[in-house]
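Listed below, chain by chain, are the residues.
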Amino acid sequence: MLMKAVTQKNDPTMRQNKFDVTRIREDFPILKEKVHGKPLVYLDNGATSQKPQAVIDALNHYYSAENSNIHRGVHYLSEQATAAYEAARGKVREFLNARADKEIIFVRGTTEAINLVAQSYGRSFLNAGDEIIVSAMEHHSNIVPWQMLCEQVGAKLRVIPINHDGEIVMEEFRRLLGDKSKLVSVTHVSNALGTVVPVKEIVALAHQRGVPVLLDGAQAVPHLKVDVQDLGCDFYAFSGHKMFGPTGVGVLYGRAELLEKMPPYQGGGDMISLVTFEKTHYNVLPYKFEAGTPHIAGGIGLGAAIDYLAALDWHEVAAHEHRLLSYATAALSDIEGLRIIGTAKDKAGVLSFVFDHVHAHDVGTILDQEGVAVRAGHHCAMPVMQRFGVPATTRVSFAFYNTIEEIDVLVGAIRRVLKVFS
Amino acid sequence: MSELDELYQEVILDHNKSPRNFREMANANRKAEGYNPLCGDHVTVFLRLEDGVIRDISFQGSGCAISKASASMMTAELKGKDEAAAQALFENVHQMLTGDAADDQLDSRVGKLRILSGVCKFPARVKCASLAWHTVHAALKGESQPATTE
């Protein structure tokens, strides 16, 4: 499912479209909205994706017909809700090709998943002088939890540099991996640059030295088919809302063997099997890590999003997204003064750019007036901005419901920016 | 005039292109940093304050057209003003940017700076325009912590 950025703008195949995007768009009610009187062109999918009617209906159905607490009621509704919630866990297992449902922990999102691993695994198994390896293109949520852990246990954070295209320098990773390395945590797809990271290779290298690997899959799951057994990773984290599901729910996949060894992250209801004031026995996986009433509707909604994705032909989806990225890369490259940040060979869904004389915020405001929604700023990846020596970028991020025509609207809107700042 | 044209008026674009007093000040006796954590915009304001009067003022930093133009116009307006007048202008500008100042009072309350009033139609950009003002406010109060727009 990898997409390669190419720039042959006269390629006649680019406008051909086997994938029926018009029909797909019908599934997403928000895409009919207008913004400032213009049709919404939603190109901020990296921040959050839109939701298909099936997901909205699943949430509605849960609250209208099934709402009750799970894992505790003997009554009918509770059984219905429990079954629906646990069915969603099964869908996630299948989606990731994990071995068992117990390896799927529902969390609030990618951020909580990473914090869970840092605080549970990290505080138990890392000591002073140990090293955690991240890359130079991580989201803040894959930096700060490790810095907090480092302060707590005296470990050190090491950073794999990236090259000017925004690709991980693998020789440097090999050099950083050593006896002190105790954990590697890298992104699967960069949220700021769109780089698809060769995570399988990273996992293999780390495992040669017995170092476990966490992959931040927040930006990968909306674009790539993920198979955790094939990748071989020890942990995989993602958010529901970036893959067409609800906000407030996400997933931590962990290999059962590691999860079994790890202490609970939070204490409370549902994560126990027996509580006395003398001693508490923890529940089995995955409940050991799910204290308190979870986001039941969110889990069910995420299950509906996975069903929706499973019904799509992913070869066609990938081809369509490839076409969008290639077309947009070529079209934007033609704009004078525009510089694309992030030119990796393998990219997915993201196109970041800057102008020397126009700040990203001004670009964002003017595009918004044309109905075009993009992200302008540091994308919660300030070290990436520092690496490229820019204060901020404008980020266009695609989903499979975007169209070539929308990219034409984007290009027209960028031309308006240049007119204002001429 | 459209809301967008009102935001990016000629004067604002000119201040963005050639910001006034955009320099470090070697003999400043007050200095404050301002920072917008939301977008990473960063500004440093330098002051030379003598007998309660702003004798010289300058700024440096990076940000969007609105934040740069606002900072530039601010330095031009504040030069020569005493602390009380600067403080009053800070309050008035703040009210204008948040849309809390009546239109017919703008001339008397903020003078030329009313050109920035279009910002209040763009809630996401209010902090861009107010960053330099929060920073000069901190510099006048002699605060050592960086000012933020939060």
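Here the structure is a predicted model, which is why all the values come from computation and not from measurement. (Residues numbered from 1 in each chain as written. Chains lettered and ligands numbered in written order. Predicted model: local features only at pLDDT ≥ 70, side-chain atom pairs only at ≥ 80, totals over all residues.)

Below, the discussion takes up the sheet that holds strand β8 (residues 181-187) of chain A. Residues and elements named next belong to chain A. Taken together, seven strands build an open sheet; the order of strands is β5-β11-β10-β9-β8-β6-β7 and the sheet is mixed. Across the chains shown, the open sheet's two edge strands, defined by having one partner strand only, are β5 (104-107) and β7 (156-160). Across the sheet, the mean angle from the axis of one strand to that of its neighbour is 20°, orientation sign disregarded. Bridge count between strand β9 (residues 213-216) and strand β10 (residues 235-239): three bridges; the pairing is parallel. Its bridge partner lying in β10, L215 is registered against Y236. (Pairing = 2+ DSSP bridges. Helix = DSSP H or I, 4+ residues; strand = E, 2+ residues; numbered from the N terminus. Axes fitted to C-alpha atoms, helices over the stretch in contact; angles between N-to-C directions.)

Further remarks concern unusual backbone geometry. Here the residue pair A:L285 and A:P286 is connected by a cis peptide bond, since its omega of 0° sits within 30 degrees of zero. Mapped onto the secondary structure, A:P286 falls in the loop between β13 (280-282) and α10 (296-310). Notably, B:N21 is not glycine yet its phi reads approximately 55°, a positive angle. The residue B:N21 is located in the loop between α2 (10-17) and β1 (30-36) in this model.

Here we take up the nonpolar core. Grouped together as the largest cluster of nonpolar side chains are 128 residues, with contacts concentrated most on A:V251 and A:L252. Examining the composition of this core, we find that eight residues originate from one element, α10(A), more than from any other. Split by domain, the residues of this core number at least three in each of domain 1 (3-51 + 313-420) and domain 2 (56-310) of chain A. B:F46, B:A86, B:V119 and B:A132 belong to the second largest nonpolar core, which has 39 residues in total. (Core = buried A, V, L, I, M, F, W, Y, C linked by C-beta atoms within 7 Å. Buried ≥ 20, exposed ≤ 12 C-beta atoms within 10 Å, placed from the backbone. Domains from an automatic or database assignment.)

Residues and elements named next belong to chain A. Over its 15 residues, α10 extends 21 Å from the first C-alpha to the last, a length consistent with the 21 Å expected when each residue adds 1.5 Å. Among the 15 residues in α10, 12 count as buried, and that is most of the element. Along α10, the residues that are buried comprise I296, A297, G298, G299, I300, G301, L302, G303, A304, A305, I306 and L309. At its buried positions, α10 is contacted by α2 (53-66), α3 (76-96) and β5. (Expected span 1.5 Å × (residues − 1). Contact = placed C-beta atoms within 7 Å.)

Moving on: the pairing of β9(A). Residue and element names in this part refer to chain A. Judged by which residues are buried, β9 turns out to be covered on both faces: V213 and L215 on one side and L214 and D216 on the other are all buried. Pairing geometry for β8 and β9, over four bridges, is parallel. Among the inter-strand pairings, V184 is bridged to a residue of β9, identified as V213.

Let's shift gears to the environment of A:T329. For A:T329, the location among the structural elements is in helix α11 (residues 314-333). Separated by 87 residues in sequence, A:T329 and A:K242 have C-alpha atoms that sit 22 Å apart.

With that out of the way, let us pick up the sheet that holds strand β14 (residues 338-341) of chain A. Residues and elements named next belong to chain A. If you walk across this open sheet you meet the four strands as β14-β16-β19-β18, and the pairing is antiparallel. Every interior strand has two partners, whereas the edge strands, β14 and β18 (375-377), have only one. Across this sheet, the average inter-strand angle for adjacent strands is 30°, counted without regard to direction. Where strand β16 (residues 350-355) meets strand β19 (residues 393-397), four bridges bridge the pair, whose relative direction is antiparallel. From the neighbouring strand, F353 faces β19, where its bridge partner is T394. Here helix α12 (residues 360-369) sits on the sheet and contacts β16, β18 and β19; the angle it forms with β18, its principal contact strand, is near 160°.

Residue and element names in this part refer to chain A. The assigned domain composition of chain A is domain 1 (3-51 + 313-420) and domain 2 (56-310). Placing a centre on the C-alpha atoms of domain 1 and another on those of domain 2 gives a separation of 28 Å. Sorting the residues of the side of domain 1 that touches domain 2 by element identifies α11, β15 (346-347), β16 and α13 (382-388) as the ones contributing at least two each.

Take the packing of α2(A) against α10(A) next. Residue and element names in this part refer to chain A. At their nearest, the axes of α2 and α10 sit 8 Å apart, and the two run at 145° to each other. Like other packed secondary-structure pairs, α2 and α10 cross with a definite hand, here right-handed. Each of A54, V55, A58, L59, Y62 and Y63 in α2 lies in contact with α10, whose residues at this interface are I296, A297, I300, G301, A304, A305, D307 and Y308. Residues belonging to the contact of α2 with α10 are distributed by class as follows: 12 nonpolar, one polar and one charged. (Left-handed = near helix turned anticlockwise from the far one by under 90°. Nonpolar A, V, L, I, M, F, W, Y, C, P; charged D, E, K, R; others polar.)

The next point concerns the interface of chain A and chain B. Across the boundary between the two partners, chain A contributes 14 residues, which contact 12 residues of chain B. Elements with a minimum of two residues in the side of chain A that touches chain B: α12 and α13 of chain A. Here the side of chain A that touches chain B gets five residues from one element, more than from any other, and that element is α12(A). Its residues assigned to classes, the side of chain A that touches chain B shows seven nonpolar, six polar and one charged.

So, on to the confidence of the model for chain B. Of all residues in chain B, 97% attain a pLDDT of 70 or more, and the chain-wide mean is 92. Reported confidences for the modelled complex are a pTM of 0.93 and an ipTM of 0.90. (pLDDT = per-residue confidence, 0-100.)

Here we come to the pairing of β5(A). Regular strands place their side chains on alternate faces of the sheet. Residues and elements named next belong to chain A. Residues of β5 alternate between two faces, with I104 and F106 on one and I105 and V107 on the opposite face, all of them buried. As paired strands, β5 and strand β11 (residues 250-254) are joined by four bridges and run antiparallel to one another. Bridge assignment links I104 to a residue of β11, and that residue is Y253.

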